[in-house]
Amino acid sequence: MTGQAQEYDFFPAHVVRTRRLGPTMLRVTFGGGALRGFASGGRDQSFSLFLPRPGQDEPLLPYWEGEGWFQAWRALPADERAVMRSYTVRAQRTEPPEVDVDFALHGTGDGAGGTPSGPAAGWAATAGPGARVVLLGPAVADNRSVAFRPPAGTGFVLLLADETALPAAGGILDRLPAGTRALVWIEVPDAADVQDLPAPDGVEISWLVRPPGAPSGLLDALRAADLPDGAPYAWIAGESGTVKELRRHLVRERGVDKRAVTFSGYWRRGASEDRLREEAYAEPS
């Protein structure tokens, strides 16, 4: 790539192994020599993952086109071009070069929760060793796809996440400096999805279990919480409607400086990621 080559690059990789973490979550470990150049910044490091369509041995992705790769990919038939999805790096190792990615298996059988399966969840549920993928990710560790960045003077940290943002929350907790005070709420659809997340002293993690078909309980949990003194920094990720409500509560009801709230809608109820991307690509009227 050119242009953004110093910050991002393409990394062909393959599945090394998979491991079920719970009814909803599956960890897929990717490997391959190209990943020696993959420079995750940790925390909530995101990247684009390209997957093959059913019947394909590898994703159809013309990344050799350089800066024109995106237009060339978009020009391919929709049912042939590689599936593109955004994911978070859960962990990375250098020798052998490996990257762990946790998938939420909505709609694939166990842990379906009544949510239709998307192509990425369906792929992950059946992926075996050797399955080929391509990652578009960081070539430098300090990159724009790391969003968790508490400003100087932060007194305490708030983390709020659903199961889709659980890997990012885990990555953030892995990198929290010793002595950081943090309140964490993570919502999952099944009690067996609760994970033992290492965290430094001073971090309080609360797990919420959302029954099938029930609304998120994150907002009620936040409203009921007594927050510590000091300047907060909040990181919120998950379903976009819930994320907006949580941010609104912090800014309007708690008086938190909106510049101290990092928020991201990882998905939207009733809309596929393909639909969300199409909306983003559409020209304004």
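This text goes with the structure placed above it.
What comes next is a walk through the structure. Since the model is a prediction, treat every value here as computed from it, not as a measurement.

Section: the nonpolar core
Phe-30, Leu-49, Phe-103, Trp-123 and Leu-135 are the most contacted members of the largest nonpolar core, which totals 24 residues. The residues touching Leu-49, leaving out its near neighbours within four places in the chain, are Phe-30, Val-83, Met-84, Arg-85, Tyr-87, Phe-103, Val-133, Val-134 and Leu-135.

What about the sheet that holds strand β12 (residues 261-267)?
Backbone hydrogen bonds are what pair the strands of a sheet, in a parallel or an antiparallel way. With parallel pairing, the 5 strands of this open sheet are ordered in space as β10-β9-β8-β11-β12. Looking along the sheet, the strands with just one partner apiece sit at the ends: β10 (203-209) and β12. Ignoring which end each strand starts from, the neighbouring axes of this sheet average 10 degrees apart. With 5 bridges joining them, strand β8 (residues 156-161) and strand β9 (residues 182-188) adopt parallel strand pairing. Residue pairing across strands places Val-157 opposite Ala-182, the latter belonging to β9. Helix-sheet contacts for helix α3 (residues 166-175) involve β8, β9, β10, β11 (232-239) and β12, and the interaxial angle to β8 is about 160 degrees. Sitting on the sheet, helix α5 (residues 240-253) is in contact with β8, β11 and β12, with an inclination near 160 degrees to β11.

Some thoughts on the sheet that holds strand β6 (residues 98-104)
Reading across from one edge, β4-β3-β7-β1-β2-β6-β5 is the order of the 7 strands in this open sheet, with antiparallel pairing throughout. Here the strands that pair on one side only, and so sit at the sheet edges, are β4 (83-88) and β5 (91-93). With direction set aside, neighbouring strand axes in the sheet form an average angle of 35 degrees. Taken together, the 3 bridges between strand β3 (residues 46-51) and strand β7 (residues 132-138) define a ladder with antiparallel strand orientation. The residue of β7 that forms the bridge with Leu-49 is Leu-135.

With respect to the environment of Asp-190
Here Asp-190 shows up in the loop between β9 and β10. The exposure class of Asp-190 is partly exposed, given its relative accessible area of 31%. Each C-alpha atom of the pair Asp-190 and Val-209 lies 5.8 Å from the other, and the pair is 19 residues apart in sequence. Contact partners of Asp-190, with chain neighbours within four places excluded, come to Pro-23 and Val-209.

A short note on the pairing of β4
Counting buried residues along β4, 5 of its 6 residues qualify, which places the element largely inside the surrounding structure. Pairing of β3 with β4, which is carried by 6 bridges, proceeds in the antiparallel orientation. Across the sheet, residue Leu-49 finds its bridge partner in β4, namely Arg-85.

Focus on the pairing of β12
Put simply, side chains in a regular strand alternate between the two faces of the sheet. Inspection of the sheet shows β11 paired to β12 by 6 bridges, in the parallel sense. When the bridges of β12 are listed, Trp-235 appears paired with Thr-262. Since β11 and β12 lie parallel, the crossover through α5 that links them has a hand, and here it is right-handed.

A closer look at α5
Across its 14 residues, α5 extends 19 Å between first and last C-alpha, which sits within 8% of the 20 Å expected from 1.5 Å per residue. When we look at burial in α5, the residues that qualify are Ser-240, Thr-242, Val-243, Leu-246, His-249 and Leu-250. On its buried face, α5 is in contact with β8, α4 (218-223), β11 and β12.

Digging into the pattern of salt bridges
Applying the stated criterion to the full structure yields 13 salt bridges. Glu-7 is the salt-bridge partner of Arg-144, the closest N and O atoms lying 3.1 Å from each other. Within this pair, whereas Arg-144 is found in the loop between β7 and β8, its partner Glu-7 is found in the segment before β1 (8-20), the two being separated by 137 residues in sequence. Notably, a salt bridge pairs Arg-27 with Asp-102, separated by 2.7 Å at the nearest N-O pair. Residue Arg-27 is located in strand β2 (residues 25-31), and its partner Asp-102 is located in strand β6; the two are separated by 75 residues in the primary sequence. A residue is classified by how much of its surface remains accessible, and Arg-27, at 14% relative accessible area, is buried.

So, how was this worked out
- Residues numbered from 1 in each chain as written.
- Predicted model: local features only at pLDDT ≥ 70, side-chain atom pairs only at ≥ 80, totals over all residues.
- Heavy atoms only, no water.
- Core = buried A, V, L, I, M, F, W, Y, C linked by side-chain atoms within 4.5 Å.
- Buried < 20%, exposed > 50% of the residue type's maximum accessible area, 1.4 Å probe, protein only.
- Contact = heavy atoms within 4.5 Å.
- Pairing = 2+ DSSP bridges.
- Helix = DSSP H or I, 4+ residues; strand = E, 2+ residues; numbered from the N terminus.
- Axes fitted to C-alpha atoms, helices over the stretch in contact; angles between N-to-C directions.
- Right-handed = clockwise from strand over helix to strand, strands pointing away.
- Expected span 1.5 Å × (residues − 1).
- Salt bridge = Lys/Arg side-chain N within 4 Å of Asp/Glu carboxyl O.

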